[in-house]
Amino acid sequence: MNDFFDFGFAWSILPTLLQGAVVTIQATILGYLLALVIGLPLSLARRSSSVVLKCLSWSVIEFIRSTPLLIQIYVVFFVAPEFGVTLSPMAAGLLSLGLYYGCFIAEVYRAGLDAVPRGQWEAVRALNMGVRKAYQRIILPQAIPPMVPALGNFLIDMFKATPILSVITVLEMMSRAKMIGSETFRYVEPITIVGVIFLVLTLVSSAIIRRAERYFNAADGRQAASSGGAAGIAPEVPTVRTV
């Protein structure tokens, strides 16, 4: 067993792999935040009344979702400099992750907003509410809960996709594990440790997402129970929270 897995060697390389884990977590969080931002205008364009915006956003979303992430990383890092756009490996990786997952998240946003019952939108118009107030008090509290599971799944998926950034020399966990293996000719320990770290962080992330899902569902239920009409704005109007 000691010949197959050397615990002393594993302990000695753990700090290096944990440094890579920090880079992995940074890439995941920053890339995910970028994806959340990119997905919003794409989603709004998909729901726009303008045919041009709809077609343009649909084309962008389908093109990026239908091409491999690896190719997009190569384009951003190796092809973009031919057009005068040069990015560091980390910046290129974050942009690629943000664009790729932003297109998936755009569809999550769109589905969440479309899931809000038509009566809620009609009540907003009938009450002549401002856009900000309508989204804050009526639309988003109902649209967010069904979005949480899908958004959480994409967060975990992005976390597990970060090893692909090693192809452009981002020193995340997997790239450090391969470097250790090539220098010491021992791959079992570094690859096993990386797998365990990914497993632990994924399980922790899944638990946090489930907790967030319960929180938003409970908050949505409390709002529905306390509202006499559209978010309690017009008690004289029969409840429009229909399914």
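Up top you'll find the structure we're talking about.
Criteria and thresholds
- Residues numbered from 1 in each chain as written.
- Predicted model: local features only at pLDDT ≥ 70, side-chain atom pairs only at ≥ 80, totals over all residues.
- Heavy atoms only, no water.
- Helix = DSSP H or I, 4+ residues; strand = E, 2+ residues; numbered from the N terminus.
- Buried < 20%, exposed > 50% of the residue type's maximum accessible area, 1.4 Å probe, protein only.
- Contact = heavy atoms within 4.5 Å.
- Areas by Shrake-Rupley, 256 points an atom, 1.4 Å probe, with all protein chains shown as cover.
- Phe/Tyr/Trp six-rings, centres within 6.5 Å; stacked < 30°, edge-to-face > 60°.
- Expected span 1.5 Å × (residues − 1).
- Bend = angle between axes of the 7 residues up to and from the residue.
- 1 Å grid on protein atoms, 1.4 Å probe; cavity = no way out; pocket = protein on both sides within 12 Å on 5 of 7 lines; lining within 4 Å.
- Points joined across faces, edges and corners; volume = space filled by probe spheres on them.
- Core = buried A, V, L, I, M, F, W, Y, C linked by side-chain atoms within 4.5 Å.

Regarding the overall build of the protein
Looking only at helices and strands, the protein has 8 helices and 0 strands in total. Going from N to C terminus, the protein has its helices and strands arranged as α-α-α-α-α-α-α-α. The proportion of buried residues among the 243 residues of the protein is 41%. Looking at the protein alone, contacts between residues at least 24 apart form 76% of all its contacts between residues at least 6 apart. Within the structure as shown, the protein displays about 13,500 Å² of accessible surface, and the carbon and sulfur contribution to it stands at 67%.

Structural notes on the packing of aromatic side chains
With the rule as written, the count across this model stands at 11 aromatic pairs. With a centroid separation of 4.9 Å and 55° between ring planes, the pair formed by F159 and F198 is classed as tilted. Of this pair, F159 sits in helix α6 (residues 131–161) while F198 is found in helix α8 (residues 188–226), placing the two residues 39 residues apart along the sequence. F159 gets classed as buried once you look at its relative accessible area, which sits at 6%. Taking 5.5 Å as the distance between ring centres and 75° as the angle between the ring planes, the aromatic pair formed by Y215 and F216 counts as edge-to-face.

Remarks on α6
Residues lying three or four places apart along an α-helix face the same way, a consequence of the helix completing one turn every 3.6 residues. Taking 1.5 Å as the rise per residue, α6 with 31 residues should run 45 Å; its terminal C-alpha atoms sit only 37 Å apart, a clear shortfall. At I139, α6 shows its largest bend, some 55°, and a proline, P141, comes one to four positions later.

Overview of the layout of surface pockets
Considered as a void within the structure, the largest pocket measures approximately 330 Å³ in volume. Around the largest pocket sit 15 residues that line it, and Y32, V148, L151, I209 and A212 are the ones nearest its centre. Listed by contribution, the elements that provide at least two residues to the lining of the largest pocket are α6 and α8. Top element by residues in the lining of the largest pocket is α8. It accounts for 7 residues.

Some details on the nonpolar core
L69, Y101, I139, M147 and L151 are the most contacted members of the largest nonpolar core, which has 39 residues in total. When contributions to this core are tallied by element, the ones reaching two or more residues are α1 (7–46), α2 (51–65), α3 (69–79), α4 (89–114), α5 (118–126) and α6. In terms of residue count, the dominant contributor to this core is α4 (12 residues). Once residues within four sequence positions are removed from consideration, L69 is found in contact with S96, L97, Y100, Y101, A161 and I164. Counting 14 residues, the second largest nonpolar core, distinct from the first, contains F9, A10, I180 and I193.

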